[in-house]
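# Architecture and fold: a report
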Amino acid sequence: MGDKDLYSLLLNLTLFLPVLGIPFVLLAGKRAKYVAFGVSLLTFIISLVVYKGYMDIGRMAVGSSGYAFYKAYELANGMFLTGYDIKYIVGIDGISIYLVLLTTLLFPLSMWFSFGSVSKYEKGYYALLLLLQTGVLGVFLALDLVLFYMFFEVGLIPMYFLIGLWGGKDRIYASLKFFLYTLAGSVLLLIAIVYLGQYVAGFIPGGTAFTSDLGIISHVVSTQGIPFDIQLYLFLGFAISFFIKVPVFPVHTWLPDAHVQAPTAGSVILAGVLLKMGTYGLIRFCLPLFPEASIYFTPAISILALIGITYGAMAAMVQTDIKKLVAYSSVAHMGFVILGIFAMQKEAMSGAVLQMINHGISTGALFLLVGMVYDRRHSREIKDFQGIAKQMPVFTLFFIIATMSSIGLPGLNGFVGEFLILLGSFASPVIDNWVVVVATTGVILAAVYMLWMFRRVMFGELDKPENQALTDLTRNEVAVLIPLTLLMFIIGFYASPFLQEINLSSDMVVDHVTSVTKTVAGH
């Protein structure tokens, strides 16, 4: 077995190890949480080995597919559905590798945090987290549209139950709202995939009735093209589904409710990686497969991104619940990511991908911190806190670092991504400069709502007896926060290694879109 085959095997093990661990969790009794944590931690370790392999031989291992450790197996054609070209295909590139690493890091940290906060139906809770982990990883690794859709849906059911069973007092409402919104988007995505697969199959000799192989579809798009009117409808089918997942204004209203009602681990995973499934789908599918439609809709999408940035910031500013404030901040931050993706400019695209990672790190840390103080105070209302910096100095230190990361302070990870997005967007050939100028005010507004919240919670007189009884972070809680905090500084001071790999893949997307549109314009 060569190195390429070994790393391909490890990549598939990374994908399926969490779900393979579920039976052991269900049989582990009172030690279920430790078994689940061990499985998820092992998944993270294996993903690090895959990452090392990608850095060592990844570029050499990339073949005509454009992905490293590419593996394909027939799922339908020749097995149970003749003429239907559906395959199991996975692989990684510079965009997906860091999303995989983020996923495999956040899940064990979320489980570790849950040791002290979840005691009801433990086996079911950790089994659902493991199922969700495989679903999210599958989205970032799948290179077949039907396979992608299957993993995309796998993430829906576990999160619905995590919110509905372990959430707050309005958990049923929040879980149903989350389910209905994302299900509506999934229906549109499925219709678009079916139509696209049948349309592309018409260019394949041999009587194929349907194909979902991303490589074949991309080849047909590049060589034959898809008529503009068909592109418009297909783009909308894909994009609306992904916009709901991000979420983009005005289909964002499920997110604050889901965040507030979800258990802490659910909020961390939701903000850290589930939202990125939407932005990843836009980069992986919408732009490469429907380049002309992407350009056509960019002015409207940039306005929606701008509204998301400003509306999310102003909505966060008036929140009285800390967790809901952080939830609305996600709407604003993801607005920057959308702006960077549709700027059709290399620096902006690289910044958007990096900011997807940065948001998962900083917002994941913020939700962990909010969960930690909630477990002590049993309240998230800002008015119930004041002066707790005197009582919880270590907590305050971690909170201010995560806050500054979220704001985009130079020297921390958030600054690098936002700077590249704004820099690239100003040079964008398809977005008006006034949109970028107004979007820049989102950086200022983020400082306003985050620092104002921080001041009201941490400073002032420690006059409430409940706050005087608060205890500082335990060693376990500090250990959970250290990896995320270190990454904030590492990316903030030395983002080049991350951007080097991201650029190799994100530049290809931008080059493809611009080359296709130039060709069309030439005709």
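Look up: the structure comes first, before these words.
We now turn to the structure provided with this report. (Residues numbered from 1 in each chain as written. Predicted model: local features only at pLDDT ≥ 70, side-chain atom pairs only at ≥ 80, totals over all residues. Heavy atoms only, no water.)

This paragraph deals with the overall build of the chain. For the chain, the helix and strand inventory stands at 21 helices and four strands. Here the chain has a C-alpha radius of gyration of 22 Å; the compact-globule value for 523 residues is 24 Å, and the two agree. Across its three principal directions, the C-alpha atoms of the chain cover 75 × 60 × 45 Å. For the chain, the residues scored as buried account for 61% of the 523 residues in total. (Helix = DSSP H or I, 4+ residues; strand = E, 2+ residues; numbered from the N terminus. Rg over C-alpha atoms; globule rule 2.2 N^0.38 Å. Buried < 20%, exposed > 50% of the residue type's maximum accessible area, 1.4 Å probe, protein only.)

Attention now moves to the packing of aromatic side chains. Taken as a whole, this structure holds 35 aromatic pairs when the rule is applied. Ring centres of Tyr 34 and Phe 115 lie 5.2 Å apart, and the angle between their planes is 65°; this geometry places the pair in the edge-to-face category. Taken together, the positions of Tyr 34 in helix α3 (residues 32-61) and Phe 115 in the loop between α4 (96-114) and α5 (122-141) put the pair 81 residues apart, joining distant regions of the chain. On the accessibility criterion, Tyr 34 (40% relative accessible area) is partly exposed. Ring geometry for Tyr 160 versus Phe 161: centroids 5.2 Å apart, planes at 75°, classification edge-to-face. Residue classification places Tyr 160 among the partly exposed positions, given a relative accessible area of 23%. Ring pairing ties together the aromatic residues Tyr 34, Phe 37, Trp 112, Phe 115, Tyr 121, Tyr 125, Tyr 126 and Trp 166, which thus form one cluster. Positioned above the aromatic ring of Phe 152, the side-chain terminus of Lys 245 is 4.9 Å from the ring centre. Between the NZ or CZ atom of Arg 377 and the centre of the ring of Phe 385, over which it lies, the distance is 5.8 Å. (Phe/Tyr/Trp six-rings, centres within 6.5 Å; stacked < 30°, edge-to-face > 60°. Lys NZ or Arg CZ within 6 Å of the ring centre and 35° of its normal.)

Structural measurements only, silent on function.
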